[in-house]
Amino acid sequence: MAEKRVEQEVVRQGPNIREHIDGVKFHTLAPGVTTHPLVRGGRPCIEGTTIEVKTIAGLQSFHDMDAQQIADHLWIELFMVQDALNYYANYKQYIDVSIDLSSINGQQFAEAQYGTSPDSILHRRKSLT
């Protein structure tokens, strides 16, 4: 006789994270979203990772990716992306401001004429060896 197969229920398991960094606990903002002052400057991240919620929001908003595509792109579980998107839906205005500030800083950095070019730095490094 054929054996009766019993399907196991899939249990959602969060990632295994450290409770403390330098004696400071992680603070849970929402299911699957934590913050810590020493991780990404205290910005909301997916629990157990350093992936910011604004990264997930940006991939969805600006790159038209759905949750599964984001999970595949970042090599994380789908439920982690969904938790981040739920948090983003609740705090959209705050996170959108953070995204705007990041893009302004990036544009200013790209337009700035700081220091010397990477080629001259590499050339100096080779001459020292």
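For the structure, see preceding data.
All of these numbers come straight from a predicted model, not from anything done at the bench.

**Student:** Could you give me a rundown of the packing of helix 2 (residues 67–74) against helix 3 (residues 78–90), with the residues and numbers involved?
**Tutor:** For the pair helix 2 and helix 3, the least separation of the axes is 8 Å and the interaxial angle reads 120°. One element, helix 2, and the other, helix 3, form an angle in the oblique class. When the axes of helix 2 and helix 3 are compared, the crossing they make is right-handed. Each of Ala67, Gln68, Ile70 and Ala71 in helix 2 lies in contact with helix 3, whose residues at this interface are Leu78, Val81 and Leu85.

**Student:** Give me the pairing of strand 3 (residues 27–30): which residues, what numbers.
**Tutor:** Side-chain direction in a regular strand flips from residue to residue, so the side chains alternate between the two faces of the sheet. When strand 3 meets strand 4 (residues 33–35), the two strands line up antiparallel, connected through three bridges. Residue His27 lies in a different strand from strand 4, and its bridge partner there is Thr35. Between strand 3 and the antiparallel strand that follows it, strand 4, lie two residues; Gly32 among them carries a positive phi value of about 85°.

**Student:** Tell me what's going on with the nonpolar core, and back it up with residues and numbers.
**Tutor:** Residues Ile46, Val53, Ile56, Ile76, Val81, Tyr87 and Ile95 are the most contacted members of the largest nonpolar core, which totals 20 residues. Of all the secondary structure elements, the ones that give two or more residues to this core are helix 1 (53–62), helix 2, helix 3 and helix 4 (92–111). For this core, the element with the most residues is helix 3, which contributes six residues. Once residues within four sequence positions are removed from consideration, Tyr87 is found in contact with Leu29, Ala30, Val33, Pro44, Val53 and Ile95.

**Student:** Residue-level account of the sheet that holds strand 3, with values.
**Tutor:** Reading across the sheet, the three strands line up as 3-4-5 and stay open at both edges, with antiparallel pairing between neighbours. Each having just a single partner strand, strand 3 and strand 5 (45–46) make up the two edges of the open sheet.

**Student:** Mind laying out the pattern of salt bridges, listing which residues take part and the relevant values?
**Tutor:** Throughout the structure, instances matching the rule amount to three salt bridges. Glu52 is paired through a salt bridge with Arg43; the nearest N and O atoms lie 3.0 Å apart. The partner of Asp96 in a salt bridge is Lys92, and the shortest N-O contact between them spans 2.9 Å. Taken together, the positions of Asp96 and Lys92, both in helix 4 and four residues apart, correspond to about one turn of that helix.

The rules behind the values
Residues numbered from 1 in each chain as written. Predicted model: local features only at pLDDT ≥ 70, side-chain atom pairs only at ≥ 80, totals over all residues. Heavy atoms only, no water. Axes fitted to C-alpha atoms, helices over the stretch in contact; angles between N-to-C directions. Helix = DSSP H or I, 4+ residues; strand = E, 2+ residues; numbered from the N terminus. Parallel < 35°, antiparallel > 145°, perpendicular 65-115°, else oblique. Left-handed = near helix turned anticlockwise from the far one by under 90°. Contact = heavy atoms within 4.5 Å. Pairing = 2+ DSSP bridges. Core = buried A, V, L, I, M, F, W, Y, C linked by side-chain atoms within 4.5 Å. Buried < 20%, exposed > 50% of the residue type's maximum accessible area, 1.4 Å probe, protein only. Salt bridge = Lys/Arg side-chain N within 4 Å of Asp/Glu carboxyl O.

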